[in-house]
Amino acid sequence: MLNTPPLLAARGLSFHRNDEPVFGPLDLQVDAGEALLVQGDNGAGKTTLLRVLAGLVRASGGDVEIDGRPAGHRERAQFVAYLSHLPALKGDLDTLENLNFLCGLHGRRARQMPGNALAIVGLAGYEDTLVRQLSAGQKRRLALARIWLSPAPLWLLDEPYANLDLDGINLVNRMISAHLRAGGAALVTTHGAYAAPPVRTRLVQLQPAALAGDPP
Amino acid sequence: MIAPGTQPGLWQTARALVARDLRLLWRRRGDALQPVMFALLVVVLFALALGRDPDAMARVAAAVLWLAVLLAGQLALDSLFRSDAEDGSLEQWLLAPVPLAWLVLVRILVHWATTALPVVVLAPLLAEMLHLPHDQLPLLLASLLLGTPLLSLIGGVVAALTVSIRRSGILVALLALPLYVPVLVFGAGSVNAAARGQDPVGALLLLAAGLVVALVLAPLATAAAIRISLN
C-alpha cells in the first residue's frame, strides 16, 4: 500500500467553543487496516473530535482529508460510518425495521443482510422485538449491527464499549478486527478502561484543552 | 479493499423514509388523530360561540376553517423533527449519500400528508357545520390544498431552528405564526373574495406561486437550520 493516501488524515485540527479551546491543534492519520484509539478523560473532547471528523460540527481550524481528498459531504457519505452516543433507533419500530431503514438510508455492504447482522451481534430471535423493549446494551448491539452493515470503510465509533457486557466488548473487538482485515479502518474513543482490539493501533491522547502527540 | 456495497439514490432513500414514517404513524395511530380532533373542536367552539345565527356563521366560515386548519398544523409542527433530533437520527441523515434538503423535503411532505391532509379531507364536514355556502366549498378546498403544504414548508424552517431547544412549544408558535400571515390572508381571502362576488383566482395563483418557491427554497433553509441546530 505504498502510494495509497491515508483513509483519514487531519492536520492542525482544532475546535473552540465560545473561544474556549476544546481540543487541538491535533494531527492524526489512519490508514486502511489500522485502528486509532482516541483516549482521554471525560470532557477531554473525544466526542467533539469525532463529531468534527464526521462533519456534524465545523472545525475551528485545520483541515481533514478523506482518502486524499478534502472532506466534504460526498466523501463523508461514501467513507464514514458514525456510531454516536445517540442510538439513531426508533423505539416504536422493531429491530429489523430499524436496520432496514438505516440500510435504505446509507446503503448496505455487499453480501450482508440485516438478519445476519442481528445474529452476528447476538440479537438473533429479537427480529420482531420493538426497540423500546430492548435493554441499553441490546440497543448498543443493534447500533453496532448498523455499523457492520454500512458500506463505509471508515468507522468512527464513539465509546462503542459503553453499556456492553464482557461478551459485548469481545464482540466489538472481533468486529473491528474483521473490518480491519477487510481493509477498513476505525477510530475508537475510550476513556481507557477497556481492552483494545488486537490490531495495528495508533493512539491519540486527548487532555482537557491541551494536546498530546501521536506515537505510532 | 472492502467489497463495494450499494449506495442508495434519491428514490431509495425517499422510499425508506416514507415507509419508516408510515410505520411509525401506524404504531402511534392514536396520536395521528389529534390534529383532526383539534380542528373539529375549534370549529365546534366557534359555532357554539356564534350562537344559532347561520348568516353570521356563513360570513366567517372560511376564516374560521382556515384558522382551525392553521392552528392544528401549528400544534403538529413540534413533532416534525423533535424525535429525530433527540434519538440521533438527524446525525445519520447528515451522513446519508443524498442531500439533507432532500430528506427534509420528504419528511415535511409525509408530515403534511399525515397531519394536514386529514384535516383538509374533513373540511367539507366542518364547512357544513359552519353553514359555508356550498358553491364556495370547492374554492375553500383548493385554497387549503395549496396553502397547507406551504404552511408545512414554512413551519419546517422554524421547527428545524428550534429543534435543539427543549419545551419550545410557545416559541415555535411565536416564530411561525407571523410567517403564516400571507398564507392566511390569501387563503381565506380567496374564499371571502368569491363571497363578495370578486374573482378569487388571483389569490389562488399567488398561493400556488408561493408553494412553488417554498418547495425549492424551504428544504434548503430547513437543512441549513438543522446543521446549525446540531452544531
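Residues numbered from 1 in each chain as written. Chains lettered and ligands numbered in written order. Predicted model: local features only at pLDDT ≥ 70, side-chain atom pairs only at ≥ 80, totals over all residues.

**Section: the overall build of chain B**
Stage number 1. Helix and strand content of chain B: 10 helices and 0 strands.
Stage number 2. Ordered by position from the N terminus, the helices and strands of chain B form the series α-α-α-α-α-α-α-α-α-α.
Stage number 3. A compact globule built from 231 residues should have a C-alpha radius of gyration of about 17 Å, and chain B, at 19 Å, falls within 12% of that.
Stage number 4. Dimensions along the principal axes, computed over C-alpha positions, put chain B at roughly 75 × 35 × 30 Å.
Stage number 5. Sequence separation of at least 24 residues holds for 80% of the intrachain contacts in chain B that already meet a minimum separation of 6. (Helix = DSSP H or I, 4+ residues; strand = E, 2+ residues; numbered from the N terminus. Rg over C-alpha atoms; globule rule 2.2 N^0.38 Å. Contact = placed C-beta atoms within 7 Å.)

**Comments concerning the pairing of strand β8 (residues 185-190) of chain A**
Residue and element names in this part refer to chain A.
Stage number 1. Within β8, 5 of the 6 residues are buried, which leaves it mostly tucked inside the rest of the structure.
Stage number 2. Both strand β3 (residues 35-40) and β8 contribute to a ladder of 5 bridges, which runs parallel. Its bridge partner being in β8, Gln39 is matched across the sheet by Thr190.
Stage number 3. Strand direction decides the pairing type here: strand β7 (residues 154-158) and β8, joined by 5 bridges, are parallel. Each residue of the ladder has a partner; that of Leu156, found in β8, is Leu187. (Buried ≥ 20, exposed ≤ 12 C-beta atoms within 10 Å, placed from the backbone. Pairing = 2+ DSSP bridges.)

**Quick notes on the interface of chain A and chain B**
Stage number 1. Contact with chain A, which involves 34 residues of that partner, is made by 28 residues of chain B.
Stage number 2. Of all the elements in the fold, those that place two or more residues in the side of chain A that touches chain B are α2 (73-79), β6 (80-83) and α3 (95-106) of chain A.
Stage number 3. Examining the composition of the side of chain A that touches chain B, we find that 6 residues originate from one element, α3(A), more than from any other.
Stage number 4. The residue inventory of the side of chain A that touches chain B, partitioned by class, reads 18 nonpolar, 8 polar and 8 charged. (Nonpolar A, V, L, I, M, F, W, Y, C, P; charged D, E, K, R; others polar.)

**A word on the nonpolar core**
Stage number 1. With 136 residues, the main nonpolar core has Ala145(A), Leu156(A), Leu187(A) and Leu65(B) as its most contacted residues.
Stage number 2. With residues up to four places along the chain from it excluded, the contact list for Leu156(A) reads Leu50(A), Leu53(A), Ala54(A), Val80(A), Tyr82(A), Leu83(A) and Leu187(A). (Core = buried A, V, L, I, M, F, W, Y, C linked by C-beta atoms within 7 Å.)

**Focus on the pairing of strand β4 (residues 61-66) of chain A**
Residue and element names in this part refer to chain A.
Stage number 1. Across 5 bridges, the pairing between strand β1 (residues 8-17) and β4 is antiparallel. Note that in β4 the partner of Arg11 across the bridge is Asp63.
Stage number 2. The sheet contact formed by β4 and strand β5 (residues 69-70) spans 2 bridges and is antiparallel. Counterpart to Glu65 in the pairing with β5 is Pro70.
Stage number 3. Two successive antiparallel strands, β4 and β5, enclose a turn made up of 2 residues, where Asp67 displays a positive phi of approximately 55 degrees.

**So, the sheet that holds strand β2 (residues 20-30) of chain A**
Within a sheet, each strand pairs with its neighbour through backbone hydrogen bonds, oriented either parallel or antiparallel.
All names here are of chain A.
Stage number 1. In spatial order, the strands read β2-β1-β4-β5; together these 4 strands make up an open sheet with antiparallel pairing. Edge positions in the sheet fall to β2 and β5, since each of these pairs with one other strand and no more.
Stage number 2. Bridge count for β1 against β2 is 7 bridges, and the pairing is antiparallel. Each bridged residue has a counterpart across the sheet, and for Leu8 the counterpart in β2 is Val30.

**Notes on the confidence of the model for chain B**
Stage number 1. Taken residue by residue, chain B gives an average pLDDT of 92. The fraction at 70 or more is 97%.
Stage number 2. Of the two predicted TM-score estimates for the complex, the pTM is 0.91 and the ipTM is 0.89. (pLDDT = per-residue confidence, 0-100.)

**Topic: the packing of helix α4 (residues 54-77) of chain B against helix α8 (residues 137-161) of chain B**
All names here are of chain B.
Stage number 1. Close contact between α4 and α8 brings their axes to 10 Å; oriented N to C, the two are set at 30 degrees. One element, α4, and the other, α8, form an angle in the roughly parallel class. Regarding α4 and α8, the two cross each other, and that crossing is right-handed. Across the interface between the two elements, Ala62, Leu65, Val69, Leu70, Gly73 and Leu77 of α4 pack against Leu140, Leu144, Thr148, Leu151, Ser152, Gly155 and Ala159 of α8.
Stage number 2. Split into classes, the residues belonging to the contact of α4 with α8 amount to 9 nonpolar, 4 polar and no charged. (Axes fitted to C-alpha atoms, helices over the stretch in contact; angles between N-to-C directions. Parallel < 35°, antiparallel > 145°, perpendicular 65-115°, else oblique. Left-handed = near helix turned anticlockwise from the far one by under 90°.)

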